[in-house]
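Close look at the chain arrangement
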Amino acid sequence: MALQLTNRSKVVSNKEQSAMEKLYLPAVFKGMSITLSHLFKKSATIRYPEQKRIMAPVYRGQHVLKRDDNGAERCTSCGMCAVACPAEAITMESAERKKGEEHLYREEKYAAKYEINMLRCVFCGLCEEACPKEAIFLTDRIVDTEFEREDFIYGKDKLVEKMTERIDVTKRQTPEVLEFKKTPGLKHNELFDGKKLKEKH
Amino acid sequence: MLAFVIYKAVLCVIIFAISLGVAAYSTWWERKFASFLQDRVGPNRAGPFGLLQPLADGGKMFFKEEIIPNVSNKFLFILGPCLFMVTACMTSVVIPWGKDFMMGGRNFAFQITDINIGVLYLLGVVSIGVYGIMIGGWASNNKFALLGAIRASSQMISYEIAMGIAVIALIITSGGTLSLHEIVEKQDAGVCNFVYQPLGFLIFFICALAETNRAPFDLAECESELVGGYHTEYSSMKLGLYLFAEYINMFISSAVMAAFYFGGYNFPFAHELYNAMGLQEGSIWISLIGFGAYFTKIVLFICLFMWVRWTLPRFRYDQLMNLGWKVLIPLSLVNLAITTVVAYYFNK
Ligand code: SF4
Ligand code: SF4
């Protein structure tokens, strides 16, 4: 026997069909009884719009750029997410915060333009992991279908959450994440999530 | 005379409408049945249970772009699907749908025409049908279409022989008549031809699968090897006609099998039922009940066709030829020989 890396390979058999096999009919009836038995089985289909599959609590869907409790954008345009992204889906342009814009942007530098190409994104969640400011999260929302490719490039208008309808990302915050957030020295935790989470614990 | 003409015209229209309707709903049922066998749901969006799906499909076909390849032979390219469709419809003419009935002292046959060589007519028209495929495939000027057409025609030629011989054996058992009406009437006694001709039926059934280009003999359109086979170049409603005619063929061959081997519109204890219901010989209700029974058989056969299709993989071409020439033809000859000998001794 030749060298085998796994024990799964099989030697090809070229044996002639026996007289019984040449008749075909027994095999045909066997096959047909198998298909017939499936006639009485329950269908595995989930009828989508009416019926929805249960999503995992940590489902990774469309991103959200969070604001803090005062409504200021958390993102500081550090570019960590873009570097971490294996699909190179994220691009951004930075700008400096002017005086009087403190209520809009939490940090001195902010993302004037922030785009994620949803066709490139593989929803790995690495951007979320890389972000030092807890600005970007993946959520359990599903990216809409579009007719044009350009429409899949989501800008800040679609990504940044609105204060009137805030997006809950606590489900993505698994014990490890929470543990991480308690690390002393991570100042940015204290303001919003940190406080709430501490109350919870 | 006028009543006769009107009756025949009405009957023609009804029967064509029924065969077209059945063909349309066969496409729906094919998809439904396939999905049941595969633990799926199948079309369920157009109307309740997806019942409007055939209409949607037909509408879609009409609105699709009509493409006639530049290099094709235009006349033949259009002739192909027409011929296929026309021959598919023509076969329904000789099929006896129910018992004769009396109305106003006249005898009406529930059959468009009872020609005394009905069986021959049927075989003849069916073999013209392959010209539709051949012409279409050749006129497309496409190698895949041509290959499909060649396969279709050689397959038809091979399987027609076995089918013909099986039919001869059947004709001997039913006393030498070639009229479908008489063949069915002969089975009125309660014993259907299947009892005398089980092997003949098997051969006929296999050949019918091959003649209608159904899996496992769908080598003519074999999408995994030949793109779309003979209709590769066809689009829009011309493609629709090809696909549709195949379902009509399936309907008609189911009807023929039910008539030849399973007594057509006869069913067990039919006379007892009619007596119990107080129906006299020649009542139209007898015809209609018989038609209902016949229709049930046809539907069962269509289901059988589909069941086979969604179970068996396609034959390889050499296997197909081997099966046709080396197995089915000898078998049908043996069947014929046995039938002849038995018939000779019984009739002496
Ligand atoms: S989820 Fe992954 S692929 Fe998508 S933007 Fe974030 S890092 Fe890139
Ligand atoms: S989302 Fe986070 S990682 Fe990305 S640029 Fe903004 S702060 Fe940096």
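Up top is the structure these notes are about.
Here's a quick rundown of the structure.

**Observations regarding the packing of helix H4 (residues 118-139) of chain B against helix H5 (residues 143-173) of chain B**
Residue and element names in this part refer to chain B. Two elements in contact, H4 and H5, have axes separated by 8 Å at closest approach and are oriented at 175°. The angle between H4 and H5 falls in the class roughly antiparallel. Facing Val119, Leu123, Val126, Ser127, Val130, Ile133, Met134, Gly137 and Trp138 of H4, the residues of H5 in contact are Ala145, Leu146, Ala149, Ala152, Ser153, Met156, Glu160, Met163, Val167 and Ile171. Split by residue class, the contact of H4 with H5 holds 15 nonpolar, 3 polar and 1 charged.

**Looking at the layout of surface pockets**
When its volume is computed, the largest pocket comes out at roughly 1200 Å³. As for the largest pocket, its lining consists of 37 residues, of which Leu23, Tyr24, Leu25 and Val28 of chain A together with Phe315 of chain B are closest to the centre. Among the elements of the structure, helix H1 (19-22) and helix H2 (25-39) of chain A together with helix H8 (198-211), helix H12 (284-309) and helix H13 (317-347) of chain B are those that each provide at least two residues to the lining of the largest pocket. Here the lining of the largest pocket is composed, by residue class, of 25 nonpolar, 4 polar and 8 charged.

**Looking at the sheet that holds strand S5 (residues 153-154) of chain A**
Residue and element names in this part refer to chain A. Taking strand neighbours across the sheet as the criterion, the 3 strands line up as S2-S3-S5 in an open arrangement whose pairing is antiparallel. Edge positions in the open sheet fall to strand S2 (90-96) and S5, since each of these has one partner strand only. As judged from the 7 bridges shared by S2 and strand S3 (residues 109-117), these two strands associate in the antiparallel manner. The partner of Ala95 across the bridge, within S3, is Tyr110.

**Things to note about the nonpolar core**
Residues and elements named next belong to chain B. In this structure, Trp97, Tyr159, Phe217, Phe260 and Tyr294 are the most contacted members of the largest nonpolar core, which totals 88 residues. Looking at which element gives the most residues to this core, the answer is helix H10 (residues 236-261), with 15 residues. Those residues in contact with Phe260 that lie beyond four places of it in its chain are Val119, Leu122, Val167, Leu170, Leu180, Ile183, Gln187, Asn193 and Phe204.

**Topic: the pattern of salt bridges**
Residue and element names in this part refer to chain A. Overall, the coordinates contain 16 salt bridges over all chains when judged by the stated rule. A salt bridge links Arg166 to Asp69; the nearest nitrogen and oxygen atoms lie 3.3 Å apart. Linking Arg166 in the loop between helix H5 (156-159) and helix H6 (175-181) with Asp69 in the loop between strand S1 (63-65) and helix H3 (80-84), this pair joins segments that are 97 residues apart in sequence. Salt bridges linked by common partners bring Lys66, Asp69, Glu161 and Arg166 together as one network.

**Quick word on helix H3 (residues 74-90) of chain B**
Here H3 of chain B contains 17 residues, and its C-alpha end-to-end distance of 24 Å stays within 8% of the 24 Å for a straight helix at 1.5 Å per residue. Taken as a whole, H3 of chain B has its buried residues at Leu76, Phe77, Gly80, Pro81, Phe84, Met85, Thr87, Ala88 and Cys89 of chain B.

**A closer look at the environment of Phe301 of chain B**
All names here are of chain B. Mapping Phe301 onto the fold places it in helix H12. The sequence separation of Phe301 and Ser254 amounts to 47 residues, and the corresponding C-alpha distance is 5.4 Å. In this structure Phe301 touches Phe201, Ser254, Met257, Ala258 and Phe262, once residues within four positions along its chain are discounted.

**Examining empty space enclosed by the protein**
Residues and elements named next belong to chain B. Overall, the coordinates contain 3 cavities of 30 Å³ or more when judged by the stated rule. In terms of lining residues, the largest cavity is bounded by 23 residues, among which Thr91, Val126, Glu211, Asn249 and Ser253 are the most central. Contributing elements (two or more residues each) for the lining of the largest cavity: H3, H4, H5, H8 and H10. Tallying contributions element by element places H4 first for the lining of the largest cavity, with 7 residues. When the residues that make up the lining of the largest cavity are grouped by side-chain class, the tally is 16 nonpolar, 6 polar and 1 charged.

**Details of unusual backbone geometry**
Peptide bonds are trans in most cases, and residues, glycine excluded, mostly fall at negative phi. Unlike most non-glycine residues, Ser77 of chain A shows phi in positive territory, near 60°. Among the structural elements, Ser77 of chain A can be located in the loop between S1 and H3. Overall, Ser77 of chain A belongs to the buried group, its relative accessible area being 3%. The phi dihedral of Asp39 of chain B is positive, around 60°, even though this residue is not glycine.

What counts and what doesn't
Residues numbered from 1 in each chain as written. Chains lettered and ligands numbered in written order. Predicted model: local features only at pLDDT ≥ 70, side-chain atom pairs only at ≥ 80, totals over all residues. Heavy atoms only, no water. Axes fitted to C-alpha atoms, helices over the stretch in contact; angles between N-to-C directions. Helix = DSSP H or I, 4+ residues; strand = E, 2+ residues; numbered from the N terminus. Parallel < 35°, antiparallel > 145°, perpendicular 65-115°, else oblique. Contact = heavy atoms within 4.5 Å. Nonpolar A, V, L, I, M, F, W, Y, C, P; charged D, E, K, R; others polar. 1 Å grid on protein atoms, 1.4 Å probe; cavity = no way out; pocket = protein on both sides within 12 Å on 5 of 7 lines; lining within 4 Å. Points joined across faces, edges and corners; volume = space filled by probe spheres on them. Pairing = 2+ DSSP bridges. Core = buried A, V, L, I, M, F, W, Y, C linked by side-chain atoms within 4.5 Å. Buried < 20%, exposed > 50% of the residue type's maximum accessible area, 1.4 Å probe, protein only. Salt bridge = Lys/Arg side-chain N within 4 Å of Asp/Glu carboxyl O. Expected span 1.5 Å × (residues − 1).

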